[in-house]
Amino acid sequence: MPTTAATAPLYAIKAELFRSLAHPTRIQALEVLSAAPHHEAPVSDLLAATGAEASVLSQHLAVLKRAGVVTSSRTGNTVVYRLSRPLVAELLVVARAFLRETLDASGRQLAAADELPPLQGESERTGQ
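None of the values given here were measured: they were computed from a predicted structure.

Draft legend 1. Focus on the layout of surface pockets. Here the largest pocket is characterised by a volume of approximately 230 Å³. Lining the largest pocket are Phe18, Leu21, Ile27, Glu31, Leu91, Leu92, Val94, Ala95, Arg96, Phe98 and Leu99. With seven residues, the single largest contributor to the lining of the largest pocket is helix H5 (residues 86–114). In terms of residue class, the lining of the largest pocket is built from nine nonpolar, no polar and two charged. The calculated volume of the second largest pocket comes to roughly 200 Å³. In terms of lining residues, the second largest pocket is bounded by Leu17, Phe18, Leu21, Ala67, Gly68, Val69, Ser84, Arg85, Leu87, Val88 and Leu91.

Structure representation (structure tokens):
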């Protein structure tokens, strides 16, 4: 199906969503929120889990907030972030399943490579 004037903005929105997810710290923060009760956690928990500097984490959370992936609220000095929708947690589950399948396939390929007949000089390069 070709892209039309009506569908082009939809693809752009979807691309922006994936761009917002495209950093390990953001994924880690989302996974912390996904695993937390009610899909929410204070910034202090996110800082502890990610090990990021406060200013860096703040920038990453702002990216996720602009993309509509998380929301935040403040009570006194505590800022709490939460997943904007349960579907975000489902997206992370699917992404992890994809990762596991990919790693499993790579593991099978590595095992198959280990079963190949040795080549002359191979043990010197691989340490075997």
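The structure having been displayed, the exposition proceeds.
Draft legend 2. Up close: the pattern of salt bridges. Enumeration over the complete set of coordinates arrives at four salt bridges. The residue Glu31 makes a salt bridge to Arg96 at a minimum N-O spacing of 2.8 Å. Linking Glu31 in helix H2 (residues 24–35) with Arg96 in helix H5, this pair joins segments that are 65 residues apart in sequence. Under the relative-accessibility criterion, Glu31 is labelled partly exposed at 29%. Overall, Arg96 belongs to the partly exposed group, its relative accessible area being 45%. Arg82 is paired through a salt bridge with Glu40; the nearest N and O atoms lie 3.1 Å apart. With Arg82 in strand E3 (residues 78–83) and Glu40 in strand E1 (residues 40–42), the pair connects residues that are 42 residues apart, well separated along the chain. Note on Arg82: relative accessible area 22%, which makes it partly exposed. Residue classification places Glu40 among the partly exposed positions, given a relative accessible area of 30%.

Rules and cut-offs
Residues numbered from 1 in each chain as written. Predicted model: local features only at pLDDT ≥ 70, side-chain atom pairs only at ≥ 80, totals over all residues. Heavy atoms only, no water. 1 Å grid on protein atoms, 1.4 Å probe; cavity = no way out; pocket = protein on both sides within 12 Å on 5 of 7 lines; lining within 4 Å. Points joined across faces, edges and corners; volume = space filled by probe spheres on them. Helix = DSSP H or I, 4+ residues; strand = E, 2+ residues; numbered from the N terminus. Nonpolar A, V, L, I, M, F, W, Y, C, P; charged D, E, K, R; others polar. Salt bridge = Lys/Arg side-chain N within 4 Å of Asp/Glu carboxyl O. Buried < 20%, exposed > 50% of the residue type's maximum accessible area, 1.4 Å probe, protein only.

The analysis is restricted to geometry; functional conclusions fall outside its scope.
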